[in-house]
Amino acid sequence: MEPSNDSVNSVYAQDNSRLWVSYFRESLNKRKKQKTDHIPTLPLENGPKYDLISSLPDCVLSTIISHLPTKDAARTTILSSRWRHLWAFAPLNLDSKNISSGVSQPACSQSTCAFKDVVSRILERHCGPVRRFCLAHVCFGGSEPCLREWLDDLSKKGVQEISLKFDPPCHQLPTGLLTCKSLLSLKLQCSWFPSTSKFNPCFTSLTELTLSNTIISGRDLKSVLSCCQALQSLSLTDMPFNNPTGVREMEICSGSLKSLVVSDSPLRIICIENAPNLEWFLLGTSMVPGTWVKVVHAPKMEMLGYLDMGYTKFEAGDTLLEGSDLSISTLIYSVKTLAISINFDTVSQASTAIRFLRCFPFLETLHIRFFLFGPKETPDFHYWKFQDQVDCLDYHLKKVTFRAYAGSSIELDFAKFLFSRAKVLEVLEILPRWDEWTTKMENDLLCLRNEVASNAHVVLATKKHLFGGSFSADATNLSLQDPFG
């Protein structure tokens, strides 16, 4: 049976539409002030003029339009009669950055009212589906009627992506947000998640959920996660610490989740009960002291950290880390990249860190963030020589990164230990605490490098700023080679 023209055109649209976008933007900028009914043409060298773009199928042109900025997409209606009605039925890409009323970031003023009116008119006049709806720095004094109307309209039009950032933070969002069954990506910042006590979420297609500085109760978070059968990425960052209704415990039971990011959060218990496809479990360095991280079943977890050697309680199977107390009974074979925080003013944490590495026999990349708190200790550092065998150092560890390096004697001894024991180490990258190297720090590392016979390269780096000081701002992107830097 031969495929229909519609199905062929649909596949053609997905594969080829993006190739035309860059040319089309340039062409549109030249014609946006010219209103004419003749067909736009593409000049070819030494030949007649041909209109290659307008001859494409409607589905291809609609996809091109849906990837243009909001204003440029609307302006396609003036190009010619061929384009006049395409925008109204093409998937809508509505971004507040492209439609603000005379200001890049509308504030609580008359311009905001005008901006809201523009958004309402766009949604009213656009007849097609909505691909993306993004509002940033928009002021809402409360649960305003226009926001409820927008969310209801978006739900009816099958919106796929919603991103809302309020300034100042808004009150609780309308429950209409919970009815968007077609939603694939939801990002909320400076907001209050709608209550699920009367309305169960319908996020059956949701693959990405990002909450930043957003209030959500434990009951609501549990309700949302239970309905997200396709969720692949979950991120909770900059969550309010002083709100009594905010979430404090989280249990993950998801067969689809691949990435979990938690940073600057008041969560006290994070339990990965059953996550057979979880690959990344990223924790920021600004967590509640004593946060209990429990991993019951995550057989594909390759990225883990930051784990604080002094404050995080980590449990995986029968292995338990709590402060300087470490009991190893279960090895975690899947982890390839580990990030830990160590207070190197206390020898107990340094020693615990070495023993902790035995839990990860196939570790390939190690990130260490140094902290210098507590009293200074000046013990005999020769104990490094008597450490037992660590499998990952003997066979797999290829890259080590030091962050917030201050050049203390114990840090130097630890670096010397890694050089002498990590047999396949290729790179040791070091970033100084104050983004500046001193002559003494450089000379000490040079002497260390000359003392130890190793093929590893030492890289003295600066200015590698990461989100929250922990990992990349795009940490939920699984295509990144290493979210820790």
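Residues numbered from 1 in each chain as written. Predicted model: local features only at pLDDT ≥ 70, side-chain atom pairs only at ≥ 80, totals over all residues. Heavy atoms only, no water.

The protein is annotated in an unreviewed UniProt entry as F-box/RNI-like superfamily protein from Rhynchospora pubera.

### Here we look at the overall build of the protein
When you go through the protein residue by residue, the secondary structure sums to 11 helices and 22 strands. Looking at the 485 residues of the protein, the share that counts as buried comes to 51%. Of all intrachain contacts in the protein linking residues separated by at least 6 positions in sequence, the fraction that spans at least 24 positions is 63%. In the structure as shown, the protein presents an accessible area of about 22900 Å², 51% of it carried by carbon and sulfur atoms. (Helix = DSSP H or I, 4+ residues; strand = E, 2+ residues; numbered from the N terminus. Buried < 20%, exposed > 50% of the residue type's maximum accessible area, 1.4 Å probe, protein only. Contact = heavy atoms within 4.5 Å. Areas by Shrake-Rupley, 256 points an atom, 1.4 Å probe, with all protein chains shown as cover.)

### What to know about unusual backbone geometry
A cis amide bond links G305 with the next residue in sequence, Y306, at an omega value of 5 degrees. Position of Y306 relative to the elements: it lies in strand β14 (residues 303–308). Positive phi is not limited to glycine here, since N213 has a value of about 50 degrees. Looking at the secondary structure, you find N213 in strand β7 (residues 208–215).

### Remarks on the pairing of strand β9 (residues 249–253)
Residues of β9 alternate between two faces, with M250 and I252 buried on one and E249, E251 and C253 left unburied on the opposite face. Relative to strand β11 (residues 269–274), β9 runs parallel, the two sharing five bridges. Pairing of E251 across the sheet is with C271, part of β11. (Pairing = 2+ DSSP bridges.)

### Overview of the nonpolar core
Most often, soluble globular proteins keep nonpolar side chains buried together rather than apart. Membership of the largest hydrophobic core comes to 125 residues, with the highest contact counts inside it found for F133, F281, L338, F356 and F402. At seven residues, the largest contribution of residues to this core is made by helix α10 (residues 409–421). With near-sequence residues (within four places) excluded, F281 lies in contact with L260, I270, I272, V293, V295, M301, M303, L304 and G305. In terms of nonpolar packing, the next biggest core, distinct from the first, is built from nine residues, V261, M303, F471 and F484 among them. (Core = buried A, V, L, I, M, F, W, Y, C linked by side-chain atoms within 4.5 Å.)

### Some remarks on the side chain of H367
Examined against the element boundaries, H367 turns out to sit in strand β19 (residues 365–371). When neighbours within four sequence positions are excluded, H367 is seen to be in contact with Y306, T337, L338, A339, I340, T401, R403, D482 and F484.

### Remarks on helix α7 (residues 218–227)
When α7 is considered as a whole, its buried residues turn out to be D220, L221, S223, V224, L225 and C227. Elements that come into contact with the buried residues of α7 comprise β7, β8 (233–237) and β9.

### Observations concerning a nonpolar patch on the surface
Taken together, the side chains of I328, L331, Y333 and F362 make up a nonpolar region of the molecular surface, amounting to roughly 340 Å² of accessible area. Examined against the element boundaries, F362 turns out to sit in the loop between α8 (347–356) and β19. (Patch = residues over 30% accessible without salt bridge, like charges linked within 9 Å, V, L, I, M, F, W, Y side chains within 5 Å. Salt bridge = Lys/Arg side-chain N within 4 Å of Asp/Glu carboxyl O.)

### Description of the packing of aromatic side chains
Within this structure, the stated rule accounts for 11 aromatic pairs. Consider the rings of F370 and Y405, whose centres lie 6.4 Å apart with planes at 55 degrees: the pair is tilted. Of this pair, F370 sits in strand β19 while Y405 sits in strand β20 (residues 399–405), and the two are 35 residues apart along the sequence. For the pair F370 and Y405, one class covers both residues: buried. Consider the rings of Y405 and W437, whose centres lie 6.1 Å apart with planes at 40 degrees: the pair is tilted. Of this pair, Y405 sits in strand β20 while W437 sits in the loop between β21 (427–432) and α11 (439–451); the two residues are 32 residues apart in sequence, bridging distant segments of the chain. One residue, R369, lies across the ring of Y306, its end atom 5.9 Å from the ring centre. R433 extends its terminal NZ or CZ atom over the ring of W434, reaching a point 5.7 Å from the ring centre. (Phe/Tyr/Trp six-rings, centres within 6.5 Å; stacked < 30°, edge-to-face > 60°. Lys NZ or Arg CZ within 6 Å of the ring centre and 35° of its normal.)

### Some details on the sheet that holds strand β13 (residues 292–295)
Sheet architecture is open: six strands sit in the order β9-β11-β13-β15-β16-β17, paired in mixed fashion. In this open sheet, the two strands that pair with only one neighbour each are β9 and β17 (325–327). Across the sheet, the axes of successive neighbouring strands diverge by a mean angle of 5 degrees, strand direction being ignored. The sheet strands contacting α8 are β15 (313–316), β16 (319–322) and β17, and the helix crosses β17 at an angle near 15 degrees. (Axes fitted to C-alpha atoms, helices over the stretch in contact; angles between N-to-C directions.)

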